[in-house]
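# Observations on chain architecture
So the chains spell out like this:
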Amino acid sequence: MISDEIQRITAQLPDGVRLVAVSKYHPADAIREAYGAGQRLFGESHAQEIQQKHTALADLAGLEWHFIGHLQTNKVKYIAPYVSLIHSADSPRLLEEINKQALKVGRRLRCLLQLHVAAEETKFGFTPDEAMAYLDSGAWRELEGVELTGVMAMATNTDDSARIRQDFHAARLFFERGRQIVPFTELSMGMSDDWHIAVDEGSTLIRIGTQIFGERQY
Ligand SMILES: *Cc1c(COP(=O)(O)O)cnc(C)c1O
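First things first, this report covers the structure right here in the doc. This is a predicted model, so every value here is computed, not measured.

## Examining the site of the ligand
Around the ligand, a shell composed of Val22, Lys24, Ile68, Met154, Met191, Ser192, Arg207, Ile208, Gly209, Thr210 and Arg216 is seen. The side chain of Ser192 places a nitrogen or oxygen atom 2.6 Å from an oxygen atom of the ligand. Separating an oxygen atom of the ligand from a backbone N or O atom of Gly209 is a distance of 2.8 Å. Summarising the interface, the protein chains cover 89% of the accessible area of the ligand, which totals 390 Å² for the free molecule. Looking at the shell around the ligand, its residues break down into five nonpolar, three polar and three charged.

Set out below in structure tokens:
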């Protein structure tokens, strides 16, 4: 049951750690059920899907939409009016577009820098060195429509818990270093299979899909 899983997870979270229920590929009714169990933060990774659900669930007061997937620059305008946190700011160019669209709708959008610390090759995310260079450059200070509030990372997809811990630790180290420059408060890390390790390593936001909603439905 969705509500049982939410209660099971939240009961284990230390103070200061919040649950983002990742509802991608699950129907709006599943979100209603989670909302009924007290869940308020929901994560989606496709612009069209989050848009449809935002419309379908407009009656749920206090629900917060978090965007967690790769965001194409041409889709930012669709989510800018209502998204509460973008976990996946993965390039300076995307941050500039978020800034532009946020200012257009009179908002300041909270964003996390997506850090690439896992072993897998990916086009997305800043390496820790790139992210530090970006912070040092001061370019983010020009973005009045963006509030950089922290860091998001995914660990290597492996059963090797030492490797997972190492990846989360690298993200945590960057978070601590970055915090000397920007007042970061959020460290988003941990998914269904690795969130216990992420919490151990200092996560403040865990992003859980499968454990709550089961296998993705479409
Ligand atoms: C899908 C997704 C999750 C949730 O993964 P589960 O293994 O289903 O918990 C978390 N973070 C991101 C970025 C995702 O895309």
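Resuming the write-up.
## Details of the packing of helix H1 (residues 2-11) against helix H2 (residues 28-36)
For the pair H1 and H2, interaxial distance at closest approach is 8 Å and the crossing angle is 50°. It follows that H1 is oblique to H2 by the angle criterion. For the crossing formed where H1 meets H2, the hand is right-handed. Between H1, through Ile2, Ser3 and Ile6, and H2, the contact on the second element is made entirely by Ala30, Glu33 and Ala34. Along the lines of polarity and charge, the residues of the contact of H1 with H2 split into four nonpolar, one polar and one charged.

## What to know about the packing of aromatic side chains
This model, assessed by the stated rule, comprises four aromatic pairs. For the ring pair Phe174 and Phe184, a centre distance of 6.5 Å and an interplane angle of 45° mean the geometry is tilted. Of this pair, Phe174 sits in helix H7 (residues 161-178) while Phe184 is found in the loop between H7 and strand E7 (186-188), placing the two residues 10 residues apart along the sequence. Consider the rings of Phe175 and Phe184, whose centres lie 6.1 Å apart with planes at 15°: the pair is stacked. The two residues Phe175 and Phe184 agree in class, both being buried. In textbook terms, an aromatic cluster arises when at least three aromatic residues are bridged by ring pairs, as seen for Phe174, Phe175 and Phe184.

## Observations concerning the pattern of salt bridges
Summed over the entire model, instances satisfying the criterion amount to 11 salt bridges. Across the salt bridge formed by Asp167 and Arg163, the nearest N and O atoms sit 2.9 Å from each other. Taken as a pair, Asp167 and Arg163 lie in helix H7 at a separation of four residues, close to a single helical turn. Of the residues examined, Arg163 reaches a relative accessible area of 24% and is grouped as partly exposed. For Glu201, the salt bridge is made with Arg165, and the minimal N-O distance between the two is 2.9 Å. Of this pair, Glu201 sits in the loop between helix H8 (195-200) and strand E8 (205-208) while Arg165 sits in helix H7; the two residues are 36 residues apart in sequence, bridging distant segments of the chain. Because the salt bridges share partners, they merge into one network encompassing Glu44, Glu49 and Lys53.

About the thresholds
Within each chain, residue numbers correspond to sequence positions counted from 1 in written order. Where local features are concerned, this predicted model is filtered to residues with pLDDT of at least 70; where side-chain atom pairs are given and counted, the filter is 80 or more; whole-chain, interface and lining totals use all residues. By convention in this description, side-chain values take in all heavy atoms of the structure and omit both hydrogens and water. Residues are counted as near a molecule or strand when any one of their heavy atoms sits within 4 Å of it. In the analysis that follows, any N or O atom pair within 3.5 Å is treated as a polar contact, provided that within protein one partner can donate a hydrogen and the other can accept it, and provided that, for residues neighboring in sequence, both atoms belong to side chains. Each accessible area value is a Shrake-Rupley result obtained with a 1.4 Å probe; residue values ignore everything except the protein chains displayed when judging cover. Three classes are used, and their members are as follows: Ala, Val, Leu, Ile, Met, Phe, Trp, Tyr, Cys and Pro are nonpolar, Asp, Glu, Lys and Arg are charged, and the others, Gly among them, are polar. Every axis in this analysis is a line fitted to C-alpha atoms, fitted for helices over the stretch in contact. Angles between the N-to-C directions lie between 0 and 180 degrees. For helices the rule is a DSSP run of H or I covering at least 4 residues; for strands it is a run of E covering at least 2, with both sets numbered from the N terminus onward. Each angle is binned into one of four classes, with values under 35 degrees roughly parallel, values over 145 roughly antiparallel, values of 65 to 115 roughly perpendicular, and all other values oblique. Crossings are sorted by hand: turned counterclockwise from the far helix by less than a right angle, the near helix makes the crossing left-handed, and turned clockwise it makes it right-handed. Contact definition: two residues touch when any of their heavy atoms are within 4.5 Å. Pairing of aromatic side chains here covers Phe, Tyr and the six-membered ring of Trp, requires ring centres within 6.5 Å, and sorts the geometry by plane angle: under 30 degrees stacked, over 60 edge-to-face, intermediate tilted. For every residue, the accessible area obtained with a 1.4 Å probe (protein chains only) is divided by the maximum for its type, and the residue is called buried under 20%, exposed over 50%, and partly exposed between those limits. Should a side-chain nitrogen of Lys or Arg be within 4 Å of a carboxyl oxygen of Asp or Glu, the pair is scored as a salt bridge.

Don't take any of this as a statement about function, it's just geometry.
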